[in-house]
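Working through the structure, step by step
Spelled out, the chains give:
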Amino acid sequence: MAVCIAVIAKENYPLYIRSVPTQNELKFHYTVHTSLDVVEEKISAVGKALGDQRELYLGLLYPTEDYKVYGYVTNSKVKFVIVVDSSNTSLRDNEIRSMFRKLHNSFTDVMCNPFHNPGDTIQSKAFDGIVSGMMVQTA
């Protein structure tokens, strides 16, 4: 499953970043922020081609030696980034899509909470639980 999951605001600041090996947390922050350039590139390319009809799932943003980075953008321009270990070859594209759908639904639940201020970092235990279920389990 995922080794890092991030939710990035419309203005490109992190609302939520969680990574499994906590000793590599800074590396994952860097990976997520470098992926934002690719996300912006894909959004502008798709926006010109299709107008308002846009696929939310951006697919594989870029592979690195150790990881594969996937992206998803909501209609409100909030970006989800999932980093997966490259050695995990059993993970298919439709499984990544379902992870993003589950993440988007949980994010929507957080935004619908009347006690959450949009733009603040996400501190929901329910959201954290959903993300924990998607992360690689370390034994």
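Attention in this report is confined to the structure presented alongside it. Remember, predicted model here, so these are calculated numbers, not experimental data.

1. Some details on the pairing of strand β4 (residues 67-73)
- The buried count for β4 comes to 6 of 7 residues, which makes it a mostly enclosed element.
- Of the strand pairs in this sheet, strand β3 (residues 57-63) and β4 are connected by 5 bridges, and their pairing is antiparallel. Paired with Pro63 across the two strands is Lys68, which belongs to β4.
- The turn linking β3 back onto β4 is made up of 3 residues.
- Pairing geometry for β4 and strand β5 (residues 79-85), over 7 bridges, is antiparallel. What sits directly across from Lys68, in β5, is Val84.
- The turn joining β4 and β5, which pair antiparallel and follow one another in sequence, is formed by 5 residues; a positive phi near 70 degrees is taken by Lys77.

2. Let's talk about helix α3 (residues 125-134)
- All of the buried residues in α3 are Phe127, Val131 and Met134. Taken end-on, α3 shows its buried residues confined to a sector of 55 degrees, consistent with a single buried face. Residues Lys125, Ala126 and Gly133 are exposed on α3 and point more than 90 degrees away from its buried face.
- Buried residues in α3 make contact with β1 (2-8), β2 (14-19) and α2 (93-112).

3. Looking at unusual backbone geometry
- Here Asn12, not a glycine, exhibits a phi torsion of approximately 70 degrees, which is positive.
- Considering the arrangement of structural elements, one finds Asn12 in the loop between β1 and β2.
- One non-glycine residue, Lys77, adopts positive backbone phi at about 70 degrees.
- By relative accessible area, Lys77 is classed as partly exposed at 34%.

4. So, the packing of aromatic side chains
- Tallied over the full model, the rule gives 6 aromatic pairs.
- When the ring of Tyr57 is compared with that of Phe100, the centres are 5.8 Å apart and the planes differ by 55 degrees; the resulting orientation is tilted. Here the residue Tyr57 occupies a position in strand β3, and Phe100 occupies one in helix α2, the gap between them amounting to 43 residues. By the burial criterion, Tyr57 is buried, and Phe100 matches it.
- Considering the side-chain rings of Phe80 and Phe107, the 5.4 Å spacing of their centres and the 80 degrees angle between planes classify their relative orientation as edge-to-face. Of the two residues, Phe80 is situated in strand β5 and Phe107 in helix α2; the sequence distance between them amounts to 27 residues. We note that Phe80, like Phe107, is buried.
- Through a chain of ring-to-ring contacts, the aromatic side chains of Tyr57, Tyr72, Phe80, Phe100 and Phe107 assemble into a single cluster.

Definitions and limits used
Residues numbered from 1 in each chain as written. Predicted model: local features only at pLDDT ≥ 70, side-chain atom pairs only at ≥ 80, totals over all residues. Heavy atoms only, no water. Buried < 20%, exposed > 50% of the residue type's maximum accessible area, 1.4 Å probe, protein only. Helix = DSSP H or I, 4+ residues; strand = E, 2+ residues; numbered from the N terminus. Pairing = 2+ DSSP bridges. Arc of directions from axis to C-beta. Contact = heavy atoms within 4.5 Å. Phe/Tyr/Trp six-rings, centres within 6.5 Å; stacked < 30°, edge-to-face > 60°.

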